[in-house]
Structures are given as structure tokens and as C-alpha cells.
Amino acid sequence: MVEEYMEKYPSRIALIGFMGAGKSTVGPLLAGKLGYTFLDLDTLVEERAGIQIRQIFSREGEGHFRELEIEALRGIKDTEKLVLGLGGGAPTSPENQVILQKYFFTVYLVCSFEEFQKRTGRDPSRPQLLKTEEQLLKLYCQRLPIYEKLGEKLSTEGRSRDEIVQEILTRLDST
Ligand code: S3P
């Protein structure tokens, strides 16, 4: 079964979407079904920097984090049999958009702003959550068209992780 998937499906699948969309919960499950490796771009950035994302934000600023994100994505763009979860802001950089369009089949996991708030609360590991609700809503609205441009839209609300994975597999079948 796994071999069948490996031949049939694109070699690199990216999961994008706003914080809390489920990229890092759905990603490993999807990778398991496909016999692919799951990588989380945030984790790669943290490993390369040797510090946590919130520390990168507070010490070096968001701009530096975005540069590290670009470097990390560039470093794995040729990896085969990969499911990659990207941080919510990673698809906003033009460099990353080019890489996604050229090297990845991209799925946009959609969740509403209200659902994002419910799912993430005030998680201290996510520096963006230090922003006000108004700023976050602005960020959410700015990013939606970018996610829509880059990925196959897939709603996550009211669906279990398994259902979402199944839906992605169905979409992959028709690529
Ligand atoms: C960010 C989202 C985070 C992480 C960083 C910045 C963002 O990833 O990359 O904290 O700008 O939306 P998740 O989307 O996995 O929370």
C-alpha cells in the first residue's frame, strides 16, 4: 500500500495555513500514510538557530526569523518523499512562494479566525500571539489571499484529523 502511494503521489507536499490550522497534527499522520518523512519548518529553524522561535523573535526580531525560514526551506526543497508543515507566516515571503510553487504540492488548511483563537489561546511559544486581537485579525486577513493563491483549499473545522488526511489523499489521487 505504502509503495503504491509513493509512486502515485507528488514527492513533496506542503501544508500551509494560519496558526492553529492543524499543520503539525495532520502532517505526521499524512506522512505516515504515504510512507514519507514529516518535517516541521519551525523545528528546522529552531534546530539551525539553536534557540526557540520566541527567543529569535525577542532577540533578533521577526525579520531575522523570516530570513532563517527562507534558508531552512531552501535547504530542504529537493528532499524527496517529504510532508512539510510551514509556520503560518512562511508563505508570505516571495522567495518561499516561488519554492512552494516550483517544488511542492501545497495544501491550504483553512480555519476561521474564531477557531484559530479557540485552538491557540495565548500559547507562549507563539510570539505572534503577543499581538492584539485587532492586529491578529489584520494579519489573518492579509494572509488568506496568499494561502489561497498557493494551495488547494481544505476546510478543517468539524473534521477529525483522520478525515482531513483522507481528504488530502483523495485530492492527491486526482492530481
Ligand atoms: C508564525 C507562526 C508559527 C511560527 C512563528 C510565526 C506566524 O508557526 O512560525 O511563531 O507568523 O504566523 P505555526 O503556524 O505553526 O504556529
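Our structure's up above, just so we're on the same page.
Note that this is a predicted model, so its numbers are computed, not measured.

Student: It is not clear to me how helix α4 (residues 53-60) should be interpreted in this structure. Could you clarify?
Tutor: For an α-helix, 3.6 residues make a turn, and residues three or four places apart therefore share a direction. Taken together, the buried positions of α4 are occupied by Ile53, Ile56 and Phe57. Taken end-on, α4 shows its buried residues confined to a sector of 100 degrees, consistent with a single buried face. In α4, the exposed positions that point more than 90 degrees away from the buried face belong to Ser58 and Arg59. At the exit of α4 stands Gly61, carrying a positive phi of roughly 95 degrees.

Student: So what exactly am I meant to see when it comes to the site of the ligand here?
Tutor: Taken together, 14 residues lie near the ligand, and Lys23, Asp42, Arg66, Arg126 and Arg143 sit nearest. In this structure, an oxygen atom belonging to the ligand sits 2.7 Å away from a side-chain N or O atom of Arg126. One of the side-chain nitrogen or oxygen atoms of Gln128 is found 2.7 Å away from an oxygen atom of the ligand. Starting from 380 Å² of accessible surface for the ligand in isolation, the protein chains cover 94%.

Student: Got a minute to help me understand the side chain of Lys77 in this structure?
Tutor: One can find Lys77 in the loop between α5 (62-76) and β3 (82-85). Among the polar contacts listed, one links the side chain of Lys77 to the side chain of Asp78, at a separation of 3.2 Å. Setting aside anything within four residues of it in sequence, one finds Lys77 in contact with Arg12, Ile99, Tyr103 and Phe104.

Rules used in this analysis
- Residues numbered from 1 in each chain as written.
- Predicted model: local features only at pLDDT ≥ 70, side-chain atom pairs only at ≥ 80, totals over all residues.
- Heavy atoms only, no water.
- Buried < 20%, exposed > 50% of the residue type's maximum accessible area, 1.4 Å probe, protein only.
- Helix = DSSP H or I, 4+ residues; strand = E, 2+ residues; numbered from the N terminus.
- Arc of directions from axis to C-beta.
- Near = heavy atom within 4 Å.
- Polar contact = N/O pair within 3.5 Å; in protein donor to acceptor, adjacent residues only side chain to side chain.
- Areas by Shrake-Rupley, 256 points an atom, 1.4 Å probe, with all protein chains shown as cover.
- Contact = heavy atoms within 4.5 Å.

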